[in-house]
Each structure stands twice: as C-alpha cells, then as structure tokens.
Amino acid sequence: MPAGADGDPGNRDARGGAPEPPRRPRRVFTSSTTRAEKARALRGLGALGGLAGFLVALMLLPTACTAGVGARDTARWFDSEPVDLTTSGVPQRSRILAADGSTIATFFYQNRVDVPLDKIAPVARQAVLAIEDSRFYEHGAIDLQGTLRALASNLSSGQVTQGGSGITQQYVKNLLLTQADSDEERQRATAVTAARKVRELRYAVAVEEKYSKDEILRRYLNIAYYGDGAYGIEAASRHYFSKHASELNLPEAALLAGVIRYPYAYDPTRHPGEARQRRDTVLDRMAELGRVDPAKAAAAKRKPIKLDIDNVRSGCVSSKAPFFCDYVQREILTNPVFGKTDKEREKLLKRGGLTIRTTMDPRAQKAAQRAVNKHVPPKNSAHKAAAEAMVEPGTGEIKAMVVDRKLGPDKERGKTWINFAADASHGSSIGMQAGSTFKAFTLAAALDEGMPFGTRLMAPREFTPVGFRNCDGDKVGDPDASLRNAADGEGGKKFSLVTGTHHSVNTFFLALEKKVGLCDTVKMAEKLGMKQANGKPLEEYPSFTLGFNPVSPLRLASAYAAFGARGKYCKPIAITSIKDASGHKLKVPGRDCEQAIDEDVADAVNYVLRGVLTKGTARGMGIGRPAAGKTGTVDNFSAAWFAGYTPDLAAAVWVGDPRGGYKHPMENLCMNGTCYGAVFGATIPAPIWQQSMSGALRGTDASSFHRPPSHYFSKGSGEDRAKVPDVRGMKLDDAVAKLRDAGFTTNVSTQVESRRYKKGTVAEMSPGPGSAEPGSTITLRVSKGSKKRDDDDRRGPPTPPVTIPPLPGDPAQQAPA
C-alpha cells in the first residue's frame with residue numbers, strides 16, 4: 001500500500017501560490033477502518049520514532065562515517081546507481097482479442113494499463129501532486145524538510161498525520177513491492193526497518209538521476225494502487241468511471257488522488273462516506289495551492305460521488321468465448337516459444353501487458369455457441385454434452401471453439417473445466433472415439449491409389465478382421481471377432497466407393513481398408529494431422545476405419561479442412577500476433593501448411609462426400625451452398641459426430657456423455673422434453689453443424705468445389721443405375737435367372753394373394769421395374785392365387801373419381817378423391 005506525503009504545507013508554492021495555512025491533523029482511523037489496517041498503521045508509527053535518529057545520521061553520512069571508510073567513499077556509495085535496480089517490468093494486464101479487435105478476455109496479476117503522461121488529464125496530475133508531494137518539482141530524491149516535518153508532527157500528535165516520503169520514494173517502494181516474486185521478497189519490500197528505508201532512499205537517488213521529473217511522475221501514476229483491484233490511474237479511471245484517464249474531470253481526479261494514501265480505507269465502493277471526505281480534502285488542498293479556482297473546488301465538493309463501475313475480471317471464466325480463450329491461454333502457458341519455464345510463460349501472460357490477436361471470428365463463435373446450446377442445452381436433463389470446432393481451410397485458423405457448458409468446476413451443473421473441443425494439451429480432454437468420420441481417410445487412401453468411383457466391393461453382413469498388417473509389418477486382427485454394420489449402414493451386397501460412403505457401410509469400409517492396406521489408411525490420416533487427443537500416435541487395428549481412436553473435434557475439423565483446401569493441410573493456429581506493452585512484436589508460431597494429398601485426390605473425396613448431404617446418411621442437412629461431410633456413430637450409440645466443410649470453412653461436432661458413453665449410451669434418449677430414440681450422427685450433430693455453418697457463413701459468397709479428373713469416372717459415376725427387368729408373371733426359377741443375368745441378387749419373401757398373376761408365378765418385386773444400383777437385392781414374392789369373392793357381382797361398377805376444384809387463389813390441383 002503506497003505511503004503518502006503532501007510536501008511542506010507551510011511554504012509558499014513555487015509557482016506563486018499564497019502562503020499555506022496550517023492544517024488540522026487528518027484522522028487515519030475511521031469507524032470502518034479494519035483491525036488489520038489499524039495494526040499496520042500503529043506499527044508504522046512506533047517504528048518512526050526508532051528511525052528518527054537513524055535518518056538524521058543518514059543525512060550526515062557524507063561527513064561522518066565508520067572507521068576504515070572515508071566520507072568520500074560513503075557519499076560515492078550512496079550516490080552511485082544500485083546494480084540491482086530495475087525500473088522495468090511493472091505488471092500490466094494482457095488482452096486477448098478476436099480477429100475483429102474485440103476483447104475476448106483480460107489477464108493480469110495487477111489490473112494495470114500503462115499510459116503516457118499526456119494521456120492523463122492535467123487536473124489529475126495536479127490533484128495527485130497537491131495531496132501527495134506539492135514540492136515534487138523543487139526537491140531532489142529526499143525532501144529533508146518534508147521528512148523532518150512529518151516526523152515531528154507524527155511524534156507530537158501520537159498518530160500518523162503526515163507521510164515523509166515524496167513521490168520518488170513512493171514510486172521506488174511500489175516498484176520493489178511489485179517486482180517481488182516470492183514471499184521473502186515481498187516481506188523485505190514492506191518491512192518497517194532502517195535497512196529497507198536506506199535501500200529505498202538510495203534507489204530514489206538513482207531514479208532521480210536516471211529520469212526526468214515528468215517521467216517519474218508518469219511512472220508513479222501508473223504504478224500506484226487505487227483500491228478495488230485497480231492499479232495505475234488509467235485502470236482506476238476505467239474501473240470507477242468507465243472512461244480514460246485523459247477524460248477525468250475535477251471531482252473524479254480529486255477522488256482518485258485521495259484514494260492513494262489508504263486505498264482500502266478510502267475505497268469509494270466500500271467506504272463512500274470516507275472517500276468523499278478525502279476527495280474534499282484534496283479539493284481544499286488544490287485550492288490552497290492555487291492549483292484550482294476556489295469557486296470550482298467548492299462547486300466540485302457539492303457534487304455527490306458518481307461511480308460507473310466497470311469490473312474487469314482476469315481469466316477466461318467471464319469470457320464470452322471461454323473455451324477458445326482457455327485454448328489460447330494454454331497455448332501461451334505450454335509453448336516454449338513464449339518462455340523456457342512455466343513460471344516465465346505465466347509471468348509473461350499475467351504481467352507483460354500483451355496484446356494478443358487471435359483468429360476467432362465472433363460471428364462464427366456466436367453461431368456455434370447458439371447451435372450447441374439449442375440442441376444440447378448446458379443443463380440438459382440427460383447430462384449430455386456437445387462440442388464444436390471450426391477451422392478455415394488453407395490457413396488452419398481456428399474460427400470458433402465451443403462447448404455447451406460454462407467454464408468452471410464440474411461439480412456445478414452446466415459447467416466444466418474440460419475443453420471437449422481440444423486435445424489434452426490444450427483442454428485436458430482425453431478425446432472421444434470418432435466413429436465413421438474416419439471412413440473418409442480410407443476413402444481418401446483408395447482414391448489416392450487411383451480407384452475409380454465405380455469400384456465395387458462386396459459388403460458382407462459380418463466381417464472377420466483377418467489379413468491385416470500394421471505399419472511395422474505385424475499381423476493384426478482377431479479371427480474370432482465378427483464386425484457388423486452399424487444401424488446407419490447396411491450390408492449383404494456390393495457397393496461402389498460412392499454408395500458405400502453415402503450409406504456408411506461398415507463391412508464395405510473394412511473390405512476397402514483391407515484392399516487399400518491398413519498402413520496406407522493410417523498414413524493418410526496422419527498426413528492430415530490426425531493423432532490421439534492425448535498426443536500419442538494413432539493405434540493400428542482393422543477397426544481403424546470405424547474410428548475407435550479417441551480424437552478431438554479440433555483435429556478432425558482441421559483434417560476435413562484439408563479436403564476443402566484441395567489437399568492442403570494446415571496445423572490449427574489460434575494466435576496471429578502478440579505485442580508487448582511497448583508495442584514490440586513477439587515471436588509467435590506461424591502458419592504450418594503443406595500439400596498433404598494431391599489436389600485431384602481431394603477433389604475426388606469432395607465429390608463423394610458431397611453426396612452424404614444429398615443422398616446419404618445426412619441427406620437434408622445441406623446449407624444452401626456446396627458442402628460435403630460425413631456422419632459418425634460410435635458403437636452402442638456411445639457418441640455421435642458430424643464433420644463437414646465447404647471450401648471456406650470446416651467444422652466437426654461431437655455429442656456424447658462426459659460420464660462415459662458406453663455406460664450412458666444415447667439410446668432411447670429424451671432430453672429436455674424431446675425424445676430421439678437412438679442418436680446417430682445425423683440426429684443431433686448434423687443439425688448443430690447445419691445451424692452453426694449457416695450462421696458463420698451468412699452474408700459471404702459461396703465457393704464451389706472442383707470437378708474430379710475423368711479417370712475417376714472410368715467405371716461410371718459410382719451412382720450408375722442398371723435396368724431392372726420386369727419378371728412379374730414369370731416362374732420363380734426363370735425370374736431369378738433373369739435378374740442374376742442383369743447383375744442383381746434376389747431374395748424370396750413370403751407368398752402373396754394375387755388376382756392378376758397365376759399361382760406359382762412372381763406377383764411382386766421390390767424394387768420394381770426400372771433402375772437400381774448394380775448388385776442391389778431384388779425381393780420377390782410369389783403368387784398363391786386369390787380367393788373367390790361371392791359379393792363381387794353384387795358390388796356393381798366402381799364409383800368414378802371426382803375432381804375437387806382448387807380453392808380460390810390456390811394454383812394447386814387437388815388429387816382425385
């Protein structure tokens with residue numbers, strides 16, 4: 001707590017002021033003064049008497065010294081600059097800014113904003129000088145006159161009525177306290193001892209030699225504590241009045257100047273009465289010294305204290321983008337580029353006065369937060385959670401990062417410290433199994449090997465995982481295991497690369513992975529930046545393509561962003577630039593991009609994944625512009641995903657249960673009054689993606705994907721439909737043979753009554769005559785004849801259809817009745 005002094009009240013002001021009348025001793029203790037504050041003040045008063053003799057002796061040091069040390073050497077020691085004096089590094093608050101310059105969060109050890117002297121209102125400077133050190137511009141580092149006067153006054157009155165330290169000494173005291181990193185250093189900086197006083201006086205001499213009076217005053221105004229967590233006059237002005245220090249008026253300036261002496265006792269938020277009395281004392285002193293017109297001072301005293309509090313909280317908890325903020329904070333605290341040790345990095349963030357510009361797009365952030373909160377409310381009845389990360393293709397810039405929770409202790413409902421959107425290193429999450437979203441890497445590996453879209457593989461109903469080798473050449477798989485299709489897929493027939501992806505057929509992708517090679521599939525995922533959320537390499541087993549590896553939405557979004565950027569993968573980044581308090585740029589990790597896969601391969605992937613949104617498992621989830629994506633449903637409905645992208649933005653969404661997905665699966669799920677049954681990737685994650693992407697891209701021009709090279713169409717589009725012959729009326733054996741020749745398989749179902757087709761012939765077929773995907777199964781039903789109805793002749797002719805005319809103004813024709 002800064003000590004105060006008001007100079008010599010009995011002397012004429014150097015700028016021509018009138019003689020200063022003696023003033024009544026000011027009371028330090030008020031009815032609201034705490035016991036601790038009284039104890040500190042009384043200890044200081046007791047120590048003053050003990051220091052009196054020492055200070056007098058100190059003044060005589062140049063002419064009297066101990067044996068063996070000459071007076072000249074002693075004076076030289078006192079006047080020389082201390083080698084351990086550092087006048088830099090005063091803590092200032094750091095700010096994290098969004099891409100548009102808006103503030104995301106503020107970090108500080110002490111809430112301080114350093115400003116130049118010309119950014120501090122002259123009336124504020126005069127107020128501080130008047131009450132703290134009116135002779136500041138006239139005396140040197142030590143105001144002997146003021147020190148002796150204060151000492152005599154305090155000893156004679158029995159209470160601390162005046163301080164003996166000038167502004168330079170107060171600055172030094174605050175500087176040493178501010179720079180103390182340990183409890184021992186803080187105790188040394190505040191101890192009421194002769195050694196501390198000598199040290200401060202010596203430093204004050206050095207400061208006066210090094211800096212001008214204006215610079216010392218500037219530094220003092222920026223380091224002083226103004227109560228209620230505000231350090232420095234700029235932070236105090238913003239905190240108490242929501243304005244800059246340059247905009248302070250007379251009563252506001254007097255209030256702040258008065259707080260400095262005892263920031264706790266005169267804190268206007270806690271003790272408004274005492275604060276007003278102290279403000280009026282400052283106004284009187286300014287009038288006495290001629291620093292303000294007496295009439296203006298009297299008018300200012302009549303005004304009540306009007307505060308406009310602006311509370312600035314340190315950290316991410318109060319941020320509007322808490323989990324993105326937490327990601328940036330962890331990037332600074334864990335990346336060696338920002339300091340060799342954890343302590344150095346934390347000190348840089350909380351004391352360095354940094355301006356940290358980030359990649360976050362407030363519009364995208366807001367859209368993503370609204371989407372996850374709408375579909376998975378923070379305090380939902382099912383205890384489910386959702387997270388989403390958005391990444392810009394071609395740059396890796398993180399545009400949004402959200403969790404459907406507030407940042408805080410998990411024991412409070414609707415809060416969590418875990419950033420489910422990020423890896424463990426940036427959010428403490430161990431990741432979540434990605435499900436069928438990993439099929440995109442198998443698809444990319446197949447296309448990378450030149451497989452055409454029309455390549456068809458048999459997708460059995462069950463798949464035994466044998467014949468696989470990992471990247472070390474070791475055999476992996478379990479001959480006793482049986483892998484089946486998830487509920488969002490199907491099997492028992494052939495699929496092309498296109499239709500197998502659209503329908504997300506597990507056994508098709510297992511067969512494709514076996515054909516491509518497990519290692520090639522793993523390497524494709526790794527080239528696109530995939531690794532486990534705990535930082536370890538991806539595990540390599542046959543079910544790799546089914547997404548058993550735990551990953552984060554951020555990594556998945558970054559990988560899919562590479563597809564949107566035509567194969568250019570960029571590591572995700574959140575920070576674009578950092579400047580320190582002096583405006584100097586600091587080194588930050590730059591963009592790290594590479595062409596991970598050929599453009600043609602990426603174009604082919606995009607061609608296939610676009611159909612997922614129009615014809616596949618996520619049909620109907622389009623966003624009104626070219627987009628592609630993939631659903632993901634994890635075993636036993638333990639989690640669900642959707643990852644999708646345009647050439648301009650990619651996003652990955654996870655929905656699951658933080659308590660454990662296998663223990664709390666999303667089957668027969670009811671949440672806040674809405675029941676879903678089983679949750680697939682298209683049930684909740686895809687609508688979140690659709691809403692957030694639409695909001696993030698609203699008002700921007702749509703970009704298009706590139707058409708894949710012609711060689712991928714060498715076996716057709718992959719969606720080619722073969723003609724299904726009409727076999728109704730044919731004998732069963734003949735019908736099966738004809739369909740087999742046309743490239744279809746058959747399945748015979750139960751018999752059906754039929755008036756049209758004779759008994760023993762095919763009466764129904766599904767799908768019917770027309771076209772279907774080659775290899776599709778045609779279900780046949782054989783006629784068992786029809787029962788003679790006795791009343792057929794009595795029914796008469798059927799009633800002819802009646803056409804209902806359209807309603808007025810309705811162009812639609814009504815269907816026949």
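Since we're looking at a predicted model, the values are computed, not measured.

Peer 1: Go over the overall build of the protein, please, and point to the residues and values.
Peer 2: A tally of regular secondary structure across the protein gives 25 helices and 31 strands. Expressed as a percentage of its 817 residues, the buried residues of the protein come to 52%. The contacts of the protein with a sequence gap of at least 6 include a subset with a gap of at least 24, amounting to 71%. Summed over all atoms, the accessible surface of the protein reaches about 36900 Å², with 50% contributed by carbon and sulfur.

Peer 1: Describe the packing of helix H3 (residues 122-132) against helix H11 (residues 272-288), and please don't skip the residues or the numbers.
Peer 2: Closest axis-to-axis distance for the H3/H11 pair is 9 Å, and the angle between their directions is 90°. In terms of axis orientation, H3 runs roughly perpendicular to H11. Contact with H3, carried on its side by Val123, Gln126, Ala127, Ala130, Ile131 and Glu132, involves Arg278, Thr281, Val282, Arg285 and Met286 of H11 and no other residues of that element. In the contact of H3 with H11, the residues fall into six nonpolar, two polar and three charged.

Peer 1: Run through the side chain of glutamine 170, naming residues and quoting values.
Peer 2: Within the secondary structure, glutamine 170 sits in helix H5 (residues 167-178). A polar atom in the side chain of glutamine 170 sits 3.2 Å from the side chain of glutamate 132.

Peer 1: Summarise the nonpolar core; cite the residues concerned and give the values.
Peer 2: Phe441 and Phe563 are the most contacted members of the largest nonpolar core, which totals 133 residues. In this view, phenylalanine 563 contacts Ala440, Phe441, Ala444, Leu528, Ile597, Ala602, Val605, Asn606 and Tyr645; residues no more than four positions away in its chain are not counted.

Peer 1: Run through the pattern of salt bridges, naming residues and quoting values.
Peer 2: Counting across every chain of the model gives 29 salt bridges. Of the charged contacts, one joins aspartate 726 and arginine 728 as a salt bridge, the two residues approaching to 3.0 Å between their closest N and O atoms. Residue arginine 728 is classed as partly exposed on the basis of its relative accessible area of 33%. Connected via shared salt-bridge partners are Asp114, Glu215, Arg218 and Arg219.

Peer 1: Can you explain the sheet that holds strand S20 (residues 585-586)? Please cite residues and give values.
Peer 2: For sheets, the rule is that strands pair by backbone hydrogen bonds, running either parallel or antiparallel. Overall, mixed pairing links the five strands, which are arranged S2-S1-S5-S19-S20 in an open sheet. Both outer strands of the open sheet, strand S2 (103-107) and S20, are each paired with one neighbouring strand and no more. In this structure, strand S1 (residues 94-97) lies alongside S2, joined through four bridges in antiparallel fashion. Bridging from a neighbouring strand, leucine 97 pairs with threonine 103 of S2.

Peer 1: Run through the sheet that holds strand S31 (residues 777-782), naming residues and quoting values.
Peer 2: If you walk across this open sheet you meet the three strands as S28-S31-S29, and the pairing is mixed. Only two strands of the sheet have a single partner each, and these edge strands are strand S28 (745-748) and strand S29 (762-766). Recorded for the sheet is a direction-independent mean angle of 30° between the axes of neighbouring strands. Bridge analysis of S28 against S31 gives four bridges, and the strand direction is parallel. Considered in S31, the bridge of threonine 746 is made with isoleucine 778. Where helix H24 (residues 732-741) meets the sheet, it contacts S28, S29 and S31, and its direction lies at approximately 170° from that of S31.

Peer 1: Go over the pairing of strand S23 (residues 639-645), please, and point to the residues and values.
Peer 2: Burial analysis of S23 places seven of its seven residues in the buried class, the great majority of the element. Along S23, one buried face is formed by Ala639, Trp641, Ala643 and Tyr645 and the opposite face, lined by Ala640, Phe642 and Gly644, is buried too. Between strand S22 (residues 628-633) and S23, which pair antiparallel in sequence order, lie five residues; one of them, asparagine 636, sits at a positive phi of approximately 60°. Sheet topology places S23 next to strand S24 (residues 650-656); seven bridges connect them, and they run antiparallel. Bridging from a neighbouring strand, tyrosine 645 pairs with alanine 650 of S24. Where S23 folds back onto S24 in an antiparallel hairpin, the turn is made up of four residues.

Peer 1: Describe the environment of alanine 382, listing the residues and the values that go with them.
Peer 2: Tracing the backbone shows alanine 382 in the loop between helix H15 (362-375) and strand S6 (385-391). When the C-alpha positions of alanine 382 and methionine 666 are compared, they lie 9.2 Å apart, and in sequence the two are 284 residues distant. Excluding its chain neighbours within four sequence positions, the residues that come into contact with alanine 382 are Asp657, Arg659, Leu669, Cys670 and Met671.

Peer 1: I'd like a rundown of the confidence of the model for the protein, residues and numbers included.
Peer 2: Of all residues in the protein, 82% attain a pLDDT of 70 or more, and the chain-wide mean is 85. Of the regions scoring below 50 in pLDDT, residues 44-54 engages in 13 contacts with residues more than four places distant in sequence or in other chains. This model gives residues 789-794 a pLDDT under 50, and the stretch forms three contacts once residues within four places in sequence are excluded.

Peer 1: Give me the lowdown on H24, citing residues and values where you can.
Peer 2: Inspection of H24 places Ala735, Val736 and Leu739 among the buried residues, and these make up the whole buried set. Along the axis of H24, the buried positions cluster into a sector of 100°, meaning they face one direction only. Exposed positions of H24 whose direction lies more than 90 degrees from the buried face are Asp733, Arg740 and Asp741.

Peer 1: Which residues make up H15, and what values go with them?
Peer 2: When the terminal C-alpha atoms of H15 are compared, their 20 Å separation across 14 residues agrees well with the 20 Å that a helix rising 1.5 Å per residue should span. Those residues of H15 that sit buried are Ala364, Gln365, Ala367, Ala368, Gln369, Ala371, Val372 and His375. N-capping of H15 is provided by aspartate 361, with a side-chain oxygen placed 3.1 Å from the backbone N of arginine 363.

Peer 1: Tell me what's going on with the state of the cysteines, and back it up with residues and numbers.
Peer 2: Under the counting rule described, the total for this entry stands at four disulfides. Two residues share a disulfide in this structure: cysteine 471 and cysteine 519, whose sulfurs sit 2.2 Å from each other. For the disulfide bridge between cysteine 471 and cysteine 519, the dihedral angle about the S-S bond is near 110°, and by the sign convention the bridge is right-handed. In this pair, cysteine 471 is assigned in the loop between strand S13 (468-469) and strand S14 (475-476) and cysteine 519 in helix H20 (residues 518-527), connecting sequence segments 48 residues apart. Judged by relative accessible area, which is 29%, cysteine 471 ranks as partly exposed.

Cut-offs used in this document
Residues numbered from 1 in each chain as written. Predicted model: local features only at pLDDT ≥ 70, side-chain atom pairs only at ≥ 80, totals over all residues. Heavy atoms only, no water. Helix = DSSP H or I, 4+ residues; strand = E, 2+ residues; numbered from the N terminus. Buried < 20%, exposed > 50% of the residue type's maximum accessible area, 1.4 Å probe, protein only. Contact = heavy atoms within 4.5 Å. Areas by Shrake-Rupley, 256 points an atom, 1.4 Å probe, with all protein chains shown as cover. Axes fitted to C-alpha atoms, helices over the stretch in contact; angles between N-to-C directions. Parallel < 35°, antiparallel > 145°, perpendicular 65-115°, else oblique. Nonpolar A, V, L, I, M, F, W, Y, C, P; charged D, E, K, R; others polar. Polar contact = N/O pair within 3.5 Å; in protein donor to acceptor, adjacent residues only side chain to side chain. Core = buried A, V, L, I, M, F, W, Y, C linked by side-chain atoms within 4.5 Å. Salt bridge = Lys/Arg side-chain N within 4 Å of Asp/Glu carboxyl O. Pairing = 2+ DSSP bridges. pLDDT = per-residue confidence, 0-100. Arc of directions from axis to C-beta. Expected span 1.5 Å × (residues − 1). Disulfide = S-S within 2.5 Å.

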